[in-house]
Amino acid sequence: GPPNNGKTKCLVNTFPRPLFVLNCPGERGGHGSLPEDDPTCTVYPDINPSAKSSEILKEFRTAYTEAIKGGKYQTIAVEGIHKLMDYVMDDLMGGTYFQGEKPDWNVFGLCYHAVDRMLDTLLINNTPAIAVSAWSNEKGERKGKKGEKPEDVPQTVYPALLGEYA
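Not measured: the values here are computed from a predicted model. (Residues numbered from 1 in each chain as written. Predicted model: local features only at pLDDT ≥ 70, side-chain atom pairs only at ≥ 80, totals over all residues. Heavy atoms only, no water.)

### Quick look at the confidence of the model for the protein chain
Confidence in the prediction of the protein chain, expressed as mean pLDDT, is 83, and 86% of residues score 70 or more. Across the protein chain, helix α2 (residues 53–70) holds the top mean pLDDT of 92, while strand β6 (residues 155–159) sits lowest at 64. (pLDDT = per-residue confidence, 0-100. Helix = DSSP H or I, 4+ residues; strand = E, 2+ residues; numbered from the N terminus.)

### As for the packing of α2 against helix α3 (residues 81–92)
Running from N to C, α2 and α3 point in directions that differ by 130°, and their axes come no closer than 8 Å. On the basis of the axis angle, α2 is oblique to α3. The element α2 and its partner α3 pack so that their crossing is left-handed. From α2, S53, S54, I56, L57 and F60 reach across to α3, where they touch L84, Y87, V88, D90 and D91. Looking at the contact of α2 with α3, its residues break down into six nonpolar, two polar and two charged. (Axes fitted to C-alpha atoms, helices over the stretch in contact; angles between N-to-C directions. Parallel < 35°, antiparallel > 145°, perpendicular 65-115°, else oblique. Left-handed = near helix turned anticlockwise from the far one by under 90°. Contact = heavy atoms within 4.5 Å. Nonpolar A, V, L, I, M, F, W, Y, C, P; charged D, E, K, R; others polar.)

### Some points on the packing of α2 against helix α4 (residues 105–123)
It is the contact of α2 with α4, at a shortest axis distance of 10 Å, that shows an interaxial angle of 15°. Overall, the two elements α2 and α4 adopt an arrangement that is roughly parallel. Crossing of α2 over α4 shows left-handed handedness. In this structure, α2 uses L57, F60, R61, Y64 and I68 to contact α4, whose residues at the interface are M118, T121 and L122. Residues belonging to the contact of α2 with α4 are distributed by class as follows: six nonpolar, one polar and one charged.

### A short note on the pairing of strand β3 (residues 75–79)
Across the five residues that make up β3, a large majority, five, are buried. Relative to β3, strand β1 (residues 19–23) runs parallel, the two being bridged by five bridges. Residue V21 lies in a different strand from β3, and its bridge partner there is A77. (Buried < 20%, exposed > 50% of the residue type's maximum accessible area, 1.4 Å probe, protein only. Pairing = 2+ DSSP bridges.)

### Description of the nonpolar core
Judged by nonpolar contacts, the single largest core of 30 residues is most densely connected at F60, Y64, I76, L84, V88, M89 and M118. Breaking this core down by element, the ones donating at least two residues are β1, α2, β3, α3 and α4. Ranked by size, the runner-up nonpolar core spans eight residues in total, among them L19, L34, A77 and A131. (Core = buried A, V, L, I, M, F, W, Y, C linked by side-chain atoms within 4.5 Å.)

### Some remarks on the side chain of T75
Structurally, T75 can be placed in strand β3. Leave out the neighbours within four places in its chain, and T75 touches F15, P16, P18, L19, F20, T127 and A129.

### What about α2?
For α2, spanning 18 residues, the distance from its first C-alpha to its last is 26 Å, which sits close to the expected 26 Å at 1.5 Å a residue. Listed in full, the buried residues belonging to α2 are S53, I56, L57, F60, A63, Y64, A67 and I68. Along the long axis of α2, the arc covered by the buried residues comes to 130°, so they all point the same way. Structural note: α2 exposes K58, K69 and G70 on the side pointing more than 90 degrees away from its buried face. Of the surrounding elements, those touching the buried residues of α2 are β1, β3, α3 and α4. Within two residues after α2, G71 carries a phi angle of roughly 70°, on the positive side. (Expected span 1.5 Å × (residues − 1). Arc of directions from axis to C-beta.)

This is how it looks when you write it as structure tokens:
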């Protein structure tokens, strides 16, 4: 959904406990919705976004792998996968993506493959519920007709991921 639209609050209030929440590096939304002193909700501390992308991704993988291996959670939630993709792209580009360099189109496939492998690890385990959040965008299903207002054109909502990954 759009930023500040209740994704984290919904997650915390509806998914089975115990719950493990892992904020993707760079994800800033939703912190106010996470319980601070709830023994049934473990929130992984924010990963330092100023470290090298390769180090950040290593810590991220270790965090969700340990949560899976522990076997004590009913839900593992990954908040802000749209931000994670940026770090994967930066790592693949040797740290130049965050410096403003545009990726070659073939790097998008490598990025998608790396994210797919992370999602595979999350999805192929015995945890009963897995939740992944992302921002969303809207796109017109067709071009507007002459005289038609933009808000009258039917919209499709899709995850706001690099290169329209979804």
